[in-house]
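For reference, the chains in residue letters:
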Amino acid sequence: MPSRELVVLGSASQTPTRRRNHNGYLLRWDDRSVLFDPGEGTQRQLLLADASPTGIRHICITHFHGDHCLGLPGILQRLSLDRVAHPVEVLFPASGAAYFDRLRHASAYQDHLDVRPVPVAADGPASTGGPFAIEAVRLGHDPETFGWRVVEPDGIRMLPDRLAEAGVHGPAVGVLAATGVLDLADRTVRLEDVSAPRKGQRMAFVMDTGMCDAAVDLAAGADLVVCEATFASADHDLARRYRHLTAADAGRVARDAGARRLVITHFSQRYPDVRVLLDEAAAVFPDVVAAEDLARVPVPTRRR
Ligand SMILES: [Zn+2]
């Protein structure tokens, strides 16, 4: 099982269908997970997807339409029931704080969970201090909507051959990594001589927006971008009226952003077969997957 992957929990906009649950996306990233837009039924979808909820450290809500947040009470209560010991951040648009408060306390339960609300009012880093940052970018939709970006900082990777050549092994490697320089009896070894830069990975979540530069900015350089593709090109006018994207728009966002892999989702129930949406996106951006409930999409392996 890859250590970084997207688990699709739901892929329907507005109303679920027989084959598609409301939205819900679990990003598994090493030993922690980020849950995006838990719609109604997310708790059970996790079970069906064989994905554990206990690794969830962050829950990101783009906006407070029901298909993006009605699963929040169930998830929080479940994490509490499981006695999850770590804090769980919930990131959401500050303008929707009243909705968050209601969902947070939607029904009676014994609350053991350390919930850390993170209301967001402006673009920028919203969660820092962990192995990745989560950044917010305001998108073009009503009510106020923020897209999210998971950003791993750039780092270095050690080069085993160079380390061996330099005679550095065991705990000395850790010292060199921490301090940048190692004084041996007869010489000095510098970190840059035995390592190479390693580009951090990033994932972007572009949900419910009209076409806008912010969507492209959000997805810039993303290894994996999840993007709404509510409509087909034939329904372009509906997309513009309701401030949504067509599948071709989603392809353009990924292409213009220089992203590596695109997952389209948030399909209108008017398309029982999303093949047309996949084809329209693929005509613009070839590495594209149409989300199916319970599917897993690996984050592409790290660029060298
Ligand atoms: Zn929606």
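Not measured: the values here are computed from a predicted model.

**Focus on the sheet that holds strand β6 (residues 115–120)**
Strand order in the open sheet formed by seven strands is β6-β5-β4-β3-β2-β1-β18, with mixed pairing between adjacent strands. One side of each edge strand has no neighbouring strand; the edge strands of this open sheet are β6 and β18 (296–298). For this sheet, the mean inter-axis angle between neighbouring strands, taken without regard to orientation, is 20°. Pairing of strand β1 (residues 4–10) with β18 involves three bridges; the strand directions are antiparallel. Along β18, the bridge assignment pairs Glu5 with Pro298.

**Some points on unusual backbone geometry**
Geometrically, the link from Asp142 to Pro143 is a cis peptide bond, its omega value of -5° lying close to zero. In this fold, Pro143 is placed in the loop between β8 (133–138) and β9 (146–151). Even without being a glycine, Arg83 presents a positive backbone phi close to 55°. Assignment of secondary structure puts Arg83 in the loop between α2 (72–81) and β5 (88–93). Classification of Arg83 by relative accessible area gives exposed; the value is 56%.

**Points about the pairing of β8**
For β8, the buried fraction is high: five of the six residues fall into the buried class. As paired elements, strand β7 (residues 124–127) and β8 share three bridges and run antiparallel to each other. Each residue of the ladder has a partner; that of Ser127, found in β8, is Ile134. Taking the residues between adjacent antiparallel strands as the criterion, β7 and β8 are bridged by five residues, where Gly129 takes a positive phi near 100°. For β8 and β9, the ladder comprises six bridges, and the chain directions are antiparallel. Considered in β9, the bridge of Glu135 is made with Arg149.

**Topic: the domain arrangement of the protein**
You can read the domains of the protein as domain 1 (4–154 + 201–298) and domain 2 (156–195). The straight-line distance from the C-alpha centre of domain 1 to that of domain 2 is 41 Å.

**Some thoughts on the pattern of salt bridges**
Oppositely charged side chains can form a pair if their charged atoms are brought close together. All chains considered together, the criterion is met by 21 salt bridges. Here Arg4 makes a salt bridge to Asp30, at a shortest N to O gap of 2.7 Å. Of this pair, Arg4 sits in strand β1 while Asp30 sits in the loop between β2 (24–29) and β3 (32–36), and the two are 26 residues apart along the sequence. Relative accessible area serves as the criterion here: at 9%, Arg4 is assigned to the buried category. Notably, a salt bridge pairs Arg116 with Asp114, separated by 2.7 Å at the nearest N-O pair. A relative accessible area of 42% means that Arg116 is categorised as partly exposed.

**As for the sheet that holds β7**
Here seven strands make up an open sheet; going across it, the order is β7-β8-β9-β14-β15-β16-β17 and the pairing mixed. Edge positions in the open sheet fall to β7 and β17 (288–290), since each of these has one partner strand only. Direction aside, neighbouring strands of the sheet carry axes that sit 25° apart on average. Together, β15 (224–228) and β16 (261–265) form the strand contacts of helix α8 (residues 247–257), whose direction differs from that of β16 by roughly 155°. Along the sheet face, helix α9 (residues 275–282) touches β16 and β17 and points at about 165° away from the line of β17.

**Section: the coordination of the zinc ion**
The protein atoms that coordinate the zinc ion are Asp67 (OD), His68 (NE2), Asp208 (OD) and His266 (NE2), at distances spanning 2.1 to 2.4 Å. Geometry at the zinc ion is irregular, judged from the four donor atoms that bind it and their angles of 86 to 166° at the metal. Between consecutive donor residues of the zinc ion, the sequence gaps follow D-H-x139-D-x57-H. Here the residue Asp67 occupies a position in the loop between β4 (56–60) and α2, and His266 occupies one in the loop between β16 and α9, the gap between them amounting to 199 residues. Pair check on accessibility: Asp67 and His266 agree, each one buried.

**Brief notes about the side chain of Asp249**
Its location among the elements puts Asp249 in helix α8. Assessed through its relative accessible area of 1%, Asp249 is described here as buried. A distance of 2.9 Å separates a polar atom in the side chain of Asp249 from the backbone nitrogen of Thr246.

**Thoughts on the environment of Arg138**
Inspection of the secondary structure puts Arg138 in strand β8. Separated by 15 residues in sequence, Arg138 and Asp123 place their C-alpha atoms 6.2 Å apart. Discounting chain neighbours no more than four positions away, the residues touching Arg138 are Ala121, Asp123, Glu144, Thr145, Phe146 and Ala214. Here Ala121 takes part through its backbone oxygen, which lies 2.9 Å from a polar atom of the side chain of Arg138. Within polar-contact distance, the side chain of Arg138 engages the side chain of Glu144 at 2.8 Å.

Calculation notes
- Position labels on residues start from 1 in each chain and follow its written sequence.
- For a predicted model such as this one, the threshold for reporting local features is a pLDDT of at least 70, and the threshold for listing and counting side-chain atom pairs is 80 or more; totals across whole chains, interfaces and linings nevertheless cover every residue.
- Side-chain measures here rest on the full set of heavy atoms in the structure, leaving out hydrogens and waters.
- Strands are treated as partners if at least two bridges between them are detected by DSSP.
- Counting from the N terminus, the helices are the DSSP runs of H or I reaching at least four residues and the strands are the DSSP runs of E reaching at least two.
- As a rule, the C-alpha atoms of each element are fitted with a line to give its axis, helices using only the stretch in contact, and angles between N-to-C directions run from 0 to 180 degrees.
- Burial here depends on accessible area, computed with a 1.4 Å probe over protein chains only, as a share of the maximum for the residue type. Under 20% is buried, over 50% is exposed, and the range in between is partly exposed.
- Domain start and stop points were drawn from an automatic or database domain assignment.
- What counts as a salt bridge is simple: a side-chain nitrogen of Lys or Arg found within 4 Å of a carboxyl oxygen of Asp or Glu.
- In what follows, a contact means two residues having at least one pair of non-hydrogen atoms within 4.5 Å.
- Here the term donor refers to an N, O or S atom within 2.8 Å of the metal (or 3.2 Å for Na, K and Ca), and because water is left out of the atoms, sites may appear incomplete.
- All geometry calls rest on donor angles, where a four-donor set with angles between 85 and 135 degrees is tetrahedral, four- and six-donor sets with opposite donors more than 155 degrees apart and all others between 65 and 115 are square planar and octahedral, and all else is irregular.
- In protein, a polar contact means a hydrogen-donor-capable atom and an acceptor-capable atom, both N or O and within 3.5 Å, with residues adjacent in sequence counting only if both atoms are side-chain atoms; elsewhere, any N or O pair within 3.5 Å suffices.

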